[in-house]
Amino acid sequence: MRRILFVLLSLILLSFSTYGQSRAAIQQFQKAQEAFRNGDSDQGWNHLNKSMSKGKGVYYQPYIYAGDQSFRNGVYNAALEYYAEALAIQELSSIYLKMSIVHKYLFQWEQSVRSMELYLNKARLSRDRLAMAQNEFDNLKFTQREYEAYKAQNFNYNIQKLSFSTDELEYFPTIPGDSEYLIYTHRDISGSRPTDENLFMGTLDGIARNGQPLEGNLNSVLNEGAASISADGQFMVLTVCNRPDGKGKCDLYYSHWNPNFGWEVPKPLPGNINTGRWESQPSLGPDGQTIYFVRGENNVSADMDIFVSTMGTDGNWSKGKKLPESINTSDRESSPFIHFDGKTLYFRSERSPSLGGSDFFKCTRLTDSTWSEAVNLGFPLNSFGDEFSMVIDKSGSFGYLASDRGNEILPDYTTMTALDLYRFELPEHLQPEARENYDIVIVDSLSNRAIGNATVQLYNDEGVQFFNGISSQNTGMVRLMTDGSPIRITAYKKGYVPYSGGISGLDYIARPLHGPKTAYIKLVPIKTGGRFALKNILFELDESTLLVESEKELTSLLRMLTDEPELQATIIGHTDNQGARSYNQWLSEARAEAVVQWLVTRGIPLTRLQSEGRGMDEPIASNDTEWGRALNRRTEVLLR
């Protein structure tokens with residue numbers, strides 16, 4: 001009986017002792033929390049250590065808190081020790097989840113998977129939360145496979161911070177076709193209050209130490225950012241917010257480069273591309289008539305998706321079409337970048353499976369409306385944290401990204417408020433098709449004055465279009481991002497006769513050796529009696545049937561005759577010397593008549609048109625070579 005009373009008394013005394021021990025620990029823990037909230041880390045750890053000492057064996061919360069703080073500071077092994085101490089006091093399923101994450105950050109995959117399994121087995125979860133936890137488990141196993149693939153490929157991504165990236169925020173880089181500089185969004189956060197967003201430029205010569213605000217009238221006291229510059233560097237689409245001339249909170253605006261003073265005041269993109277919703281993060285295609293962009297209810301809404309808009313012949317942009325499910329999912333997609341090859345799209349998505357909260361993906365356009373399945377770019381371009389934005393150089397072998405995690409796979413928790421710009425190299429399996437820039441400048445044949453807003457079409461022998469847009473408003477420039485194949489050129493501006501020509505593979509090779517990679521296209525003012533050749537009018541072999549590729553050239557002729565209703569024209573057909581003279585005479589007449597009929601069916605009165613054939617009688621080059629014969633097979637227009 002006395003023994004029983006002794007045991008009961010002992011238990012009572014122990015409970016009082018434990019209560020006092022826990023109470024003192026709680027008081028120290030509360031002081032620790034307050035110190036950490038106030039930014040006093042040293043004092044916070046002082047109180048936290050006292051709390052753990054006073055509550056050792058009975059009070060688990062300070063150990064969990066210490067583990068969390070250690071994890072945030074990147075001291076992962078210490079975090080595991082604190083979590084183990086908490087488990088020894090109280091087995092909580094949430095601790096296993098925390099330990100799984102820490103093991104992942106230490107690349108201890110077996111331990112991470114085992115801890116996650118324990119969490120799933122022990123946690124009492126609702127159906128929805130269980131589905132979320134299982135999804136995270138699938139992400140963990142995917143991350144393990146991606147990390148092992150990254151280590152196995154033995155490729156040095158050579159991630160390096162750019163020299164002009166500062167302690168402030170730099171993000172949303174955009175790059176022109178010549179890859180000589182980056183334009184990016186800059187925001188100061190070091191002062192008493194953050195500044196507005198502005199657009200800066202940094203040269204990529206490896207020498208420049210500082211970026212500079214863009215010249216001209218583009219930046220203002222309002223936010224300008226998330227821009228995309230055209231391949232020729234002469235036109236920009238950017239995101240502007242809270243403007244009275246906008247349709248929503250943020251809209252897509254445009255600006256032209258003016259050599260006299262810099263970027264012009266931005267204006268809303270014409271057409272229906274801007275709506276009452278949030279439009280942002282544009283990426284201009286190299287074809288001169290395509291913009292990829294993000295649309296959502298606002299900048300934090302769950303319905304953010306990637307859209308594509310095209311420019312019509314009237315210069316207006318379409319409302320935009322949502323890209324297919326291989327790109328857009330039920331999760332958020334953003335930060336699109338279409339490469340200079342015109343078909344490789346890089347973007348950010350929060351879909352699963354993933355390595356972090358959001359990852360970079362790559363997708364390839366197969367046809368006008370279909371895309372390949374998206375590929376996760378894997379380590380180290382993706383990390384355990386959130387990614388932001390990236391662009392790829394014309395060569396496809398390297399690129400630039402904005403990140404807050406440094407050059408490591410793991411986020412650096414001490415710099416989470418400092419987005420920086422980094423250069424990286426890209427392994428072959430993630431590269432787009434390489435392109436080289438070749439500049440075309442449209443000028444007046446008499447004054448050599450640059451002609452802006454001329455319609456320019458660039459396409460190959462198969463009719464595949466590389467560019468269908470206008471020359472730069474102030475410089476007359478168009479930049480071709482070429483794969484080295486021969487290119488046909490059609491150019492037109494009201495008041496001038498249509499230009500027809502081409503660039504051969506030899507031009508690409510020779511010009512870099514003997515001068516700048518620039519071709520000057522001279523448009524000739526319209527005058528009666530003038531005569532010009534349409535070099536890209538193509539027919540079926542030995543027939544007068546027009547090929548579809550000819551319509552690009554014929555459309556320019558049609559526009560000229562429509563713009564100049566008093567003008568009359570004689571269409572003249574020519575052939576080479578292959579075959580009998582009588583046959584070539586008939587063929588040249590039939591082909592000239594085919595062009596006349598094409599124009600008539602599109603509204604040009606027959607009374608304004610004539611046709612004739614000159615057969616093989618007026619060659620302009622030797623018929624001894626295929627190159628010369630191709631020049632002789634031509635269609636000419638005589639203006640009357």
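Residues numbered from 1 in each chain as written. Predicted model: local features only at pLDDT ≥ 70, side-chain atom pairs only at ≥ 80, totals over all residues. Heavy atoms only, no water.

Colleague: Can you break down the packing of aromatic side chains residue by residue, with the values?
Modeller: Evaluation of the coordinates by the stated rule reveals 32 aromatic pairs. For the ring pair F29 and Y59, a centre distance of 6.1 Å and an interplane angle of 80° mean the geometry is edge-to-face. Residue F29 is found in helix 1 (residues 2–37), and its partner Y59 is found in the loop between helix 2 (41–54) and helix 3 (61–72); the two are separated by 30 residues along the sequence. Take Y59: its relative accessible area is 10%, and that puts it in the buried class. Note on F36 and W45: the rings are 6.1 Å apart at their centroids and 85° apart in plane angle, and the pair reads as edge-to-face. Looking at F36, the relative accessible area reads 16%, which means it is buried. Three or more aromatic residues joined by ring pairs make a cluster, and in this case those are F71, Y76, Y105, F107, W109, Y147, Y150, F155, Y157, F379 and F384. Directly above the aromatic system of F137 lies the positively charged group of K141, at a separation of 4.4 Å from the ring centroid. (Phe/Tyr/Trp six-rings, centres within 6.5 Å; stacked < 30°, edge-to-face > 60°. Helix = DSSP H or I, 4+ residues; strand = E, 2+ residues; numbered from the N terminus. Buried < 20%, exposed > 50% of the residue type's maximum accessible area, 1.4 Å probe, protein only. Lys NZ or Arg CZ within 6 Å of the ring centre and 35° of its normal.)

Colleague: Which residues make up the packing of helix 4 (residues 76–89) against helix 5 (residues 93–105), and what are the values?
Modeller: At their nearest, the axes of helix 4 and helix 5 sit 10 Å apart, and the two run at 160° to each other. For the element pair helix 4 / helix 5, the angle class is roughly antiparallel. Every pair of crossing elements has a handedness; the one defined by helix 4 and helix 5 is left-handed. Residues Y76, A79, L80, Y83, A86 and L87 of helix 4 touch helix 5, and the partners they reach there are I95, Y96, K98, M99, V102, H103 and Y105. When the residues that make up the contact of helix 4 with helix 5 are grouped by side-chain class, the tally is eleven nonpolar, one polar and one charged. (Axes fitted to C-alpha atoms, helices over the stretch in contact; angles between N-to-C directions. Parallel < 35°, antiparallel > 145°, perpendicular 65-115°, else oblique. Left-handed = near helix turned anticlockwise from the far one by under 90°. Contact = heavy atoms within 4.5 Å. Nonpolar A, V, L, I, M, F, W, Y, C, P; charged D, E, K, R; others polar.)

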